[in-house]
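Single-letter residue listing:
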Amino acid sequence: MCSAYVSSDDIRDQFSKAMSAMYQQEVPQYGTLLSLVEAVNQAVLAANPALNSELQTSDELARINVERHGAIRVGSPAELAMLRRMFAVMGMEPVGYYDLSAAGVPVHSTAFRPVANSALKRNPFRVFTSLLRLELIEKAELRQQASDILSDRDIFTASAKTLIERFEQQGGLSAADAEQFVQEALETFRWHDNATVDLATYERLHNEHRLIADVVCFRGPHINHLTPRTLDIDEVQRRMPSVGIDPKAIIEGPPRRHCPILLRQTSFKALEETIAFADAAEGKHTARFGEIEQRGIALTRKGRELYDRLLAAAKETAPQAAGNDAHQAHLSEVFQAFPDAYTTLRREGLAFFHYQAVQGVSVQGAVSHEQADSLIEQGALRVTPMIYEDFLPVSAAGIFQSNLGGDSHDNYASSASQQAFEQALGTAAIDEIELYTQRQQASLEQALAQLAG
Ligand code: OOG
Ligand code: NI
């Protein structure tokens, strides 16, 4: 008889909880950060009943406390391709392409995440996944050595691979298989305090770039941070020192706004951890850190262009000696050119919205796309902001850099290489703007059909 399979949404939910529990054990400061974020979120909701009900109407409230993203870095195309299959079991697909080489980090990245409305609502867990670009290492001998070391490791357990194949063949996993899959998948992301190489090799790779040592010298792509979502990032940044956490100097992304846009992020510095090397030498490695994020409305291509333009302008005119307060004040000034009311954002086509039909309103005039504005004014159509589910390359570079200590590296010749990345991945990365466009369109059509019917 046909047995019922567990849904991919359930597996992702189980996995994200198991990952969070593992990381809390590994990095106790992450647990402290989670408590701080929860306290701030509760205070924000208590002080702001309008926001509370807005989040409830748009079904955002339920996911806030389970919401987080993680980040990993892998070393070879084969590892990336297998990860894609592993994340597919959890309903996570590669969305977006991010080139970090221009910012001096020799990787390019995508985010594995759920894409459907219902899946995002259930648990939007995302993993920012970077592939090391060995071709950017200039010294041929070092490049070869790194590649040899990587080809000797297998970052997946045998059972994980069996269960991935079973999922692909059957189209699902039983409850028992799903439970085992979560445990086996977790092994890929576990921290190892022993390196696979001797200290001298580690140091050679580290001198080329700390990130190369982080990817190449360990048994697997340890999760390097997990990031909860806060409703007030400025407040969490302010309070971090009071719970013994040292935040990075500035909050990345757009400034604080009445209508939050895209994504704001800040992190605490990576921990220095003791490592046993293969020659029994003891040393230190810093890789793992904590991060928080605040998410706002997704922008259309037009809105994103305006954001990128203003961010670049702000950078050009940035005051010297900018602490976070000065940086934020300057950004706010520059971002006055970005409309800060949902009605304007919608009318000018700068941001994405969900549409819902409101029953019981008698409608004047036609129910059509052209009449959407009028239907909204009459109260027959309700619009709510569509949350940005992705990442920002400039912010990601800032997060990477603050965790690479004082290391600086000349920028690698900017060389986005989406084609090579997708070849490694074994599929195209989904265009995130297309996804938002389709979701908005589908919600509008469904709402109009309900009003017409
Ligand atoms: C990833 C850094 C980027 C984000 O949220 O933008 C990132 C990494 O350090 O591996 O996590
Ligand atoms: Ni992150």
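Below or above, wherever it landed, is the structure these notes cover. (Residues numbered from 1 in each chain as written. Chains lettered and ligands numbered in written order. Predicted model: local features only at pLDDT ≥ 70, side-chain atom pairs only at ≥ 80, totals over all residues. Heavy atoms only, no water.)

1. Description of the overall build of the protein chain
Across its full length, the protein chain holds 19 helices and 11 strands. Expected size for 453 residues packed as a compact globule is a radius of gyration near 22 Å; at 23 Å, the protein chain falls within 12% of this value. A principal-axis box enclosing the C-alpha atoms of the protein chain has dimensions of 80 × 70 × 40 Å. When contacts within the protein chain are restricted to residue pairs at least 6 apart in sequence, long-range pairs at least 24 apart make up 77% of them. Surface exposure of the protein chain reaches about 19,300 Å², of which carbon and sulfur atoms provide 49%. For the protein chain, the separation between the mean place of its 41 positive charges and that of its 59 negative charges on side chains is 3 Å. (Helix = DSSP H or I, 4+ residues; strand = E, 2+ residues; numbered from the N terminus. Rg over C-alpha atoms; globule rule 2.2 N^0.38 Å. Contact = heavy atoms within 4.5 Å. Areas by Shrake-Rupley, 256 points an atom, 1.4 Å probe, with all protein chains shown as cover. Lys, Arg positive; Asp, Glu negative; His and termini not counted. Charge placed at Lys NZ, Arg CZ, Asp CG, Glu CD.)

2. Some remarks on the nonpolar core
Counting 50 residues, the largest nonpolar core has Leu100, Phe128, Leu299, Tyr307, Phe338 and Leu381 as the members making the most contacts within it. Counting residues per element, the ones that place at least two in this core are strand E3 (107–113), helix H13 (301–316), helix H14 (324–334), strand E10 (353–357), helix H16 (372–378), helix H17 (393–402) and helix H19 (432–452). Here the element with the most residues in this core is H19; it accounts for six residues. Residue contacts for leucine 299: discarding those within four places in its chain leaves Ile261, Leu262, Arg304, Tyr307, Phe338, Leu350, Ala351, Phe352 and Ile433. (Core = buried A, V, L, I, M, F, W, Y, C linked by side-chain atoms within 4.5 Å. Buried < 20%, exposed > 50% of the residue type's maximum accessible area, 1.4 Å probe, protein only.)

3. Notes on the coordination of the nickel ion (ligand 2)
Around the nickel ion (ligand 2), the protein contributes the donor atoms His69 (NE2), His225 (NE2) and Glu291 (OE), at 2.1 to 2.2 Å from the metal centre. Along the chain, the residues donating to the nickel ion (ligand 2) fall in the pattern H-x155-H-x65-E. Here the residue histidine 69 occupies a position in strand E1 (residues 68–74), and glutamate 291 occupies one in strand E9 (residues 290–295), the gap between them amounting to 222 residues. Exposure remark for histidine 69: the relative accessible area of 1% places this residue in the buried category. Here glutamate 291 falls in the buried class, since its relative accessible area comes to 2%. (Donors = N, O, S within 2.8 Å, 3.2 Å for Na, K, Ca; no water.)

4. Remarks on the environment of glutamate 370
Relative to the helices and strands, glutamate 370 is located in the loop between E10 and H16. What makes glutamate 370 exposed here is its relative accessible area of 67%.

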